[in-house]
Amino acid sequence: HIKNMAAGNGNEMSAVVLHKWASPPSSNPSTSDLSFDLECLKVETYLRLAGIPHETEVCPTPSSSPSSVLPCLEAGNGEYAVVGGLGDEIKNDSKVATYRILHHLKHECQNLNEGLSETDRARDVCFSSIANGILKEACEYFTWTNEGTFIEKTRPMYGSKYPFPLNRIVPNKWREKRGAPTCDEIKARVIASQAFDVIETMLPDDTNGSDKLFALGSNTPTNCDADLFSVLYYVVFSNATESLRGELKAYPKCIAYVENVKKYVQARKPLNAGEDDGTNVDGKNIDPTTWRDGARRKKQQGWVEKEEKRKLSPEEKKMRRHAVYSVLFALSSVVAFVMFSPGMTMVVEMDDLVESDSGASSNAIEEDKEEGSNE
């Protein structure tokens, strides 16, 4: 099903096939929905922004892809080849697979940075470095390293197609590779806020205008938009990044950027999307008011304010006091029964009598032995 179509740069090229994780859990998954996996999301975003003809194949598990890793790309130029996941040294390593796929797309298909000035190239690198560095590290912490979100959100998503107990074992092994072991919750919140600060400062002032849709203030995307949008989109819509959404809530330009680029990306569907495909695409605007507030500065600096304990009412205090008295009375009753019960006293006296008799008999036996030996 590899189709030949003209790419956006005018060169004749073959359509590529992206094998990816499914869209967020849905009763009717669609090939046009963006993947819930961050690595697949980065590749899929670049394909759409660059206008590269492509098809998508939703895989229930990585073993369903040609390379046994997701994402995976089938690129055809006369003979199709698998990109990403080849070689024992990177087997099941989605991060390296993503890098190889993006490197192939930029050098063999379409590079969005062609024609940029040196200044714009430097700004592009800054955006990509922030997105792929500290912001992605914060996302990986809350997705894979944080115990609560991993058990409640991440493991059910990635292990849903495996039978028990593989639905727990396989995601746990992926956690070792994809987590951020050098990060904790405080650091993740701090570095995410720092990234949002920088991005908010560098984005153009009016992102709602048609001439300033993308990160560099132009109406055409560049390489950094694929990196920046995919990570910010993941923060906004992933089930595992609720804590980061609370931090993002204070940055309106970042939210507006995600909103505008999301419409641009979702309008460019894969070739194998049906006419009615895309019914799962969320057409609603992002509403930050539904997000919980993020940690305040004191918490970001490592000081967490303790929650004030609720004071007990007089009735609750009385009930708790009576409960303590009841327990003490029960314990004293048990002790009194053991100490002063006639049955227990008789048993103790009989035990003492038996021990004294056995001691006297043993002494008599020893004395007889000594007399016999003297004779």
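In this text the structure is predicted, and so the values were computed from the model without any measurement.

What counts and what doesn't
Here the residue numbers are simple positions, counted from 1 along each chain's written sequence. Reporting of local features is limited, given that this is a predicted model, to residues whose pLDDT is at least 70; pairs of side-chain atoms are given and counted only at 80 or more, and all residues count toward the totals for whole chains, interfaces and linings. Water and hydrogen atoms were dropped before computing side-chain values, which therefore reflect all heavy atoms in the structure. Whenever a carboxyl oxygen of Asp or Glu lies within 4 Å of a side-chain nitrogen of Lys or Arg, that contact is scored as a salt bridge. Strands are runs of DSSP state E lasting at least two residues, helices are runs of H or I lasting at least four, and both sets are numbered from the N terminus onward. Accessibility here uses a 1.4 Å probe with only protein chains present; expressed as a share of the type maximum, an area under 20% marks a residue as buried, one over 50% as exposed, and anything in between as partly exposed. Here, any two strands with at least 2 DSSP bridges between them count as paired. A pair of aromatic rings is counted whenever rings of Phe, Tyr or Trp (Trp by its six-membered ring) have centres within 6.5 Å, and the orientation is called stacked for planes under 30 degrees apart, edge-to-face for over 60 and tilted otherwise. Comment: the charge-over-ring label is applied if NZ (Lys) or CZ (Arg) is within 6 Å of the ring centre and within 35 degrees of the ring normal. Note: pLDDT gives the predictor's confidence per residue, expressed from 0 to 100. Working rule for contacts: check all heavy atoms of both residues, and any pair within 4.5 Å makes them a contact. To count toward a patch, a residue needs a relative accessible area over 30% and no salt bridge; like charges are then connected within 9 Å, while nonpolar side chains (Val, Leu, Ile, Met, Phe, Trp, Tyr) are connected within 5 Å. Every accessible area reported is derived by Shrake-Rupley at a probe size of 1.4 Å, with residue values counting cover from the shown protein chains alone. Residues scored as positive are Lys and Arg, those scored as negative are Asp and Glu, and His as well as the terminal groups of each chain are ignored. Charge positions come from single atoms, namely NZ of Lys, CZ of Arg, CG of Asp or CD of Glu. What is meant by a nonpolar core is a set of buried Ala, Val, Leu, Ile, Met, Phe, Trp, Tyr and Cys residues, joined one to another through side-chain atoms within 4.5 Å. Between N or O atoms, a polar contact is any pair within 3.5 Å; within protein, one atom must be a potential hydrogen donor and the other a potential acceptor, and residues adjacent in sequence are included only when both atoms are from side chains. Helices are assigned an expected span. That span is 1.5 Å times one less than the residue count. At every residue, the bend is computed as the angle between two fitted axes, covering the seven residues ending there and the seven beginning there respectively.

## Some words on the pattern of salt bridges
All chains considered together, the criterion is met by 13 salt bridges. One salt bridge connects E44 with R48, and the closest N-O pair in it is separated by 3.3 Å. Within this pair, E44 and its partner R48 are both found in helix α1 (residues 38-50), separated by 4 residues, close to a single helical turn. Residue class for E44 comes out buried when judged on its relative accessible area of 0%. Overall, the relative accessible area of 1% leaves R48 in the buried class. When salt bridges with common partners are traced through the structure, they connect E39, K95, K136 and E140 into a single cluster.

## Remarks on the pairing of strand β3 (residues 16-20)
Most of β3 is tucked away: 5 of the 5 residues are buried. Taking every second residue as pointing to the same face, both faces of β3 are buried, with V16, L18 and K20 on one and V17 and H19 on the other. Relative to strand β4 (residues 54-58), β3 runs parallel, the two sharing 5 bridges. Looking at β4, one finds that V17 is bridged to E55.

## Considering the packing of aromatic side chains
In this description, a pair of aromatic rings is defined by centroid distance and the angle of the planes. Taken as a whole, this structure holds 13 aromatic pairs when the rule is applied. On the numbers, 6.2 Å between centres and 75° between planes, the contact of Y158 with W174 is edge-to-face. In this pair, Y158 is assigned in helix α4 (residues 147-159) and W174 in helix α5 (residues 166-178), connecting sequence segments 16 residues apart. A relative accessible area of 14% places W174 in the buried class. Ring centres 5.0 Å apart and planes at 90° place the aromatic pair F214 and Y264 in the edge-to-face group. Residue F214 is found in the loop between α6 (185-202) and α7 (223-237), and its partner Y264 is found in helix α9 (residues 252-266); the two are separated by 50 residues along the sequence. Per residue, the accessibility class of F214 equals that of Y264, and both read buried. Among the aromatic residues, ring-to-ring pairing joins W21, F36, W144, F150, Y158, Y162 and W174 into one connected group. Stacked on the ring of Y264, the Lys or Arg R268 has its end atom at 3.5 Å from the ring centre.

## Examining the confidence of the model for the protein chain
Mean pLDDT for the protein chain: 80, with 73% of residues reaching 70 or above. Note on residues 296-306: pLDDT under 50 across the span, and 10 contacts to partners over four residues away in sequence or across chains.

## Let's talk about a positive patch on the surface
A cluster of basic side chains, namely K311, K317, K318 and R321, defines a positive patch on the protein surface. Position of K318 relative to the elements: it lies in helix α11 (residues 314-340).

## Side note on the environment of C59
Its place among the elements puts C59 in the loop between β4 and β5 (72-77). Since its relative accessible area comes to 5%, C59 is described here as buried. Note: C-alpha distance between C59 and P71 (12 residues apart in sequence) is 9.5 Å. If near-sequence neighbours (up to four positions away) are discounted, C59 is found in contact with H19, K20, W21, A22, S64, S65 and L70.

## With respect to the nonpolar core
Residues L105, L228, L248 and Y257 are the most contacted members of the largest nonpolar core, which totals 62 residues. Here the element with the most residues in this core is α7; it accounts for 10 residues. With 12 residues, the next largest nonpolar core counts L70, F150, Y158 and V170 among its residues.

## So, the environment of D93
Relative to the helices and strands, D93 is located in the loop between β6 (79-83) and α2 (94-109). For the pair D93 and V69, spaced 24 residues apart in sequence, the C-alpha to C-alpha distance is 6.9 Å. A polar contact is formed between the side chain of D93 and the backbone nitrogen of K95, at a distance of 3.2 Å.

## A few points about α4
Within an α-helix, residues lying three or four positions from one another point in the same direction, as the helix has 3.6 residues per turn. End to end, α4 covers just 16 Å across 13 residues, shorter than the expected 18 Å (1.5 Å per residue, more than 12% under). The largest bend along α4 reaches roughly 35° and is located at K153, with the proline P156 sitting one to four residues downstream. Buried within α4 we find T149, F150, T154, R155, M157, Y158 and G159. The opening residue of α4 is N146, an N-cap whose side-chain oxygen sits 3.1 Å from the backbone nitrogen of G148.

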